[in-house]
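Fold and geometry: a report
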Amino acid sequence: MSEGTLGKDAQKPVDGGGVATFDIGLYLLTVLVWGTSWIALKWQLGVVAPEISVFWRFLSASVLMIVWLAVSGKPWRFGLSLHLRFAAMGACLFCFNYYFFYIGGTVLASGLLSVIFSMAAVINLFLAALVLGARLTKRSLLAASIGVVGIACLFWPEVVGTELNLDALKALLLCLAATTIFCIGNMVSAGLQRRGIPVLSAATWGMVYGSFFLGTIGLLRGQAFIVEESARYLWSLAYLSVFASVIAFAAYLTLLGRIGAGRAGYATVLFPIVAMAISSVVEGYTWTWIAKLGVVLALSGNILILTAARR
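Overview of the structure. This structure is a prediction, so every number in the text was calculated from the model and none was measured. As a convention, each chain's residues are numbered from 1 in the sequence order in which they are written. With the structure being a predicted model, the display of local features is reserved for residues of pLDDT at least 70 and the display and counting of side-chain atom pairs for 80 or more, all residues being used for whole-chain, interface and lining totals. Where side-chain values are given, they derive from all heavy atoms of the structure, hydrogens and water being excluded.

**Here we look at the nonpolar core**
Buried Ala, Val, Leu, Ile, Met, Phe, Trp, Tyr and Cys residues form a nonpolar core when they are joined through side-chain atoms within 4.5 Å. Buried, partly exposed and exposed residues are distinguished by accessible area as a fraction of the type maximum, computed with a 1.4 Å probe on protein chains only: under 20%, between the cut-offs, and over 50%, respectively. Of all hydrophobic cores here, the largest spans 88 residues; its most connected members are Trp38, Leu108, Leu154 and Phe155. Only heavy atoms enter the contact rule, under which two residues are in contact if any of them lie within 4.5 Å. Excluding residues that lie within four positions of it along the chain, Leu154 makes contacts with Leu112, Val115, Tyr285, Ile290, Ala291, Gly294 and Val295.

Spelled out as structure tokens, the structure:
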């Protein structure tokens, strides 16, 4: 979920107020969990097909979300037209978005995946202009340009190197498509908010539909619904289901309501730093000077866009 997903569930944010200790705790929890979730995603790859691993993840998360929904007392019965929107949200946020990232993860380092995903701020900017008629300012266009150049620099060693790496290029394009799909899902979620649908209710149904779509993809592709019997796979699945898909989601939504979308949005800039640091240690990612420049530019572009949006 992104900045546009809180709606009426939250307290009204105080734009000029300070940040309490509790808010800092929520912020750190969100950054650390989402920052470490990318290496857990990599540990899901190998024996089990990507769509099946994502299916197990969101099937487990949707069960937990249903329990959370029941305990919270939020509504869960809705009409057909809303269920169609829930299905669209689930397809974008909890199905194809992650499915494409899991496929991309078979080629790219986990930290690189997180940096691509952080470009959601840039893609949201252009989608808002295209669909909602939002105005593109010079500042936002400059920020978007810096971010795009940063991604190009970051992936130059991966794609070119000593010879053209078509697999890395395809993975990059697939992950950019996944991020775009995620942003479209955010717009669907924002539309549900405007209809007064609680975020928890929409997200729960979204995960249910996302799980259904993933299971259908697995059946159509003839994949085996298996679970890898290794400690690393099982622990990473539990971590992604419970922490990355439910707990971090709850922390981020609470944070949005307490400090506002502008400040909470900086989590999307910080968690790639955590992910890249882990990738360097665990996966042995090699830092070239152009890759370092790429990260700085990509994150700087996101910061400019977020500050422009806040203004």
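Following the structure, the description resumes.
**Points about helix α7 (residues 166-194)**
Secondary structure elements are taken from DSSP: a helix is a run of H or I of four residues or more, a strand is a run of E of two residues or more, and numbering for both begins at the N terminus. By this rule the span expected of a helix is its residue count minus one, scaled by 1.5 Å. The terminal C-alpha atoms of α7 lie 42 Å apart, and with 29 residues this matches the ideal 42 Å at 1.5 Å per residue to within 8%. Positioned one or two residues after α7, Gly196 has a phi angle of 85°, which is positive.

**Regarding the environment of Met89**
For Met89, the position within the fold is in helix α3 (residues 80-104). Remark: the alpha-carbon pair of Met89 and Trp205, spanning 116 residues in sequence, is separated by 8.9 Å.

**Considering helix α2 (residues 50-72)**
Counted at 1.5 Å a residue, the expected span for α2 with its 23 residues is 33 Å, and the 32 Å between its end C-alpha atoms agrees. With its phi angle positive at about 80°, Gly73 sits one or two positions after the end of α2.

**Here's the deal with the packing of aromatic side chains**
When the centres of two rings from Phe, Tyr and Trp lie within 6.5 Å, Trp using its six-membered ring, the rings pair. Their planes under 30 degrees apart give stacked, over 60 give edge-to-face, and anything left gives tilted. Counted according to the given criterion, the structure contains 20 aromatic pairs. Taken together through their ring pairs, the aromatic side chains of Trp34, Trp38, Phe101, Phe117, Phe182 and Phe271 make up a single cluster.

**What about the packing of α3 against helix α8 (residues 199-220)?**
Relative orientation and spacing of two packed helices are given, respectively, by the angle between their axes and the distance between those axes. Contact geometry of α3 with α8 gives a least axis separation of 7 Å together with a crossing angle of 60°. Taken as axis vectors, α3 and α8 run oblique relative to one another. Both α3 and α8 take part in a crossing whose hand is right-handed. Along the contact surface, α3 presents His83, Phe86, Ala87, Met89, Gly90, Ala91, Phe94, Cys95, Phe96 and Tyr99, while α8 presents Ala202, Ala203, Trp205, Gly206, Met207, Tyr209, Gly210, Phe213, Leu214 and Ile217. Under the convention adopted here, Pro, Cys and the residues Ala, Val, Leu, Ile, Met, Phe, Trp and Tyr are nonpolar, Asp, Glu, Lys and Arg are charged, and Gly plus all remaining residues are polar. For the contact of α3 with α8, a count of residues per class yields 16 nonpolar, four polar and no charged. Note on definitions: angles span 0 to 180 degrees between N-to-C directions of axes, and those axes are lines fitted to C-alpha atoms, for helices only across the stretch in contact. Orientation labels follow simple angle bins: below 35 degrees gives roughly parallel, above 145 gives roughly antiparallel, 65 to 115 gives roughly perpendicular, and whatever is left gives oblique. Handedness of a crossing is defined here by the sense of rotation of the near helix relative to the far one, left-handed for an anticlockwise turn of less than a right angle and right-handed for a clockwise turn.

Shape descriptors only; they carry no functional weight alone.
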